[in-house]
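Next come the chains, spelled out residue by residue.
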Amino acid sequence: MSVIEAKADVFWMAFKSLPKKERQSVIERLLKDTEFMEDLIDIAIIEQRQEEPSRLLENYLAEREK
């Protein structure tokens, strides 16, 4: 396990150990943070588009020029 994964696990365990009202408070703070929300939206879009077929950049650029 990497250092990043270990830190994430510690954070997750601490979050899960909070009472429900405190977890809700943490979530509310996260959702008010503009930078976090932008990151969350980016992650959601990437996950949604995982099933889309990929294509070469050259093909995409050629298609845009039309």
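Residues numbered from 1 in each chain as written. Predicted model: local features only at pLDDT ≥ 70, side-chain atom pairs only at ≥ 80, totals over all residues. Heavy atoms only, no water.

1. Some details on the overall build of the protein chain
Along its length, the protein chain carries four helices and zero strands. Order of helices (α) and strands (β) in the protein chain, N terminus to C terminus: α-α-α-α. Rg of the C-alpha trace for the protein chain: 19 Å, well past the compact-globule value of 11 Å for 66 residues, more than 25% over. Dimensions of the protein chain, computed from C-alpha atoms along their principal axes, come out at roughly 55 × 30 × 20 Å. Here the protein chain holds 66 residues, and the buried ones make up 2% of them. In the structure as shown, the protein chain presents an accessible area of about 6,600 Å², 57% of it carried by carbon and sulfur atoms. Distance between charge centroids for the protein chain: 8 Å, based on 11 positive and 15 negative side chains. (Helix = DSSP H or I, 4+ residues; strand = E, 2+ residues; numbered from the N terminus. Rg over C-alpha atoms; globule rule 2.2 N^0.38 Å. Buried < 20%, exposed > 50% of the residue type's maximum accessible area, 1.4 Å probe, protein only. Areas by Shrake-Rupley, 256 points an atom, 1.4 Å probe, with all protein chains shown as cover. Lys, Arg positive; Asp, Glu negative; His and termini not counted. Charge placed at Lys NZ, Arg CZ, Asp CG, Glu CD.)

2. Looking at the pattern of salt bridges
Taken as a whole and judged by the stated rule, the model has two salt bridges. For the salt bridge of Arg49 with Glu52, the shortest nitrogen-to-oxygen distance reads 3.0 Å. Note that Arg55 and Glu63 form a salt bridge whose closest N and O atoms lie 3.0 Å from each other. The exposure class of Arg55 is partly exposed, given its relative accessible area of 48%. (Salt bridge = Lys/Arg side-chain N within 4 Å of Asp/Glu carboxyl O.)

3. Description of a negative patch on the surface
Together, Asp33, Glu35, Glu38, Asp39 and Asp42 make up a region of like negative charge exposed at the surface. Looking at where Asp39 falls in the secondary structure, it is placed in helix 3 (residues 34-48). (Patch = residues over 30% accessible without salt bridge, like charges linked within 9 Å, V, L, I, M, F, W, Y side chains within 5 Å.)

4. Some points on the packing of helix 2 (residues 20-32) against helix 3
Running from N to C, helix 2 and helix 3 point in directions that differ by 85°, and their axes come no closer than 5 Å. Classified by the angle between their axes, helix 2 and helix 3 sit roughly perpendicular to one another. Counted together, Leu30, Leu31 and Lys32 of helix 2 and Thr34, Phe36, Met37 and Leu40 of helix 3 form the full contact between these two elements. Per-class residue counts for the contact of helix 2 with helix 3 are five nonpolar, one polar and one charged. (Axes fitted to C-alpha atoms, helices over the stretch in contact; angles between N-to-C directions. Parallel < 35°, antiparallel > 145°, perpendicular 65-115°, else oblique. Contact = heavy atoms within 4.5 Å. Nonpolar A, V, L, I, M, F, W, Y, C, P; charged D, E, K, R; others polar.)

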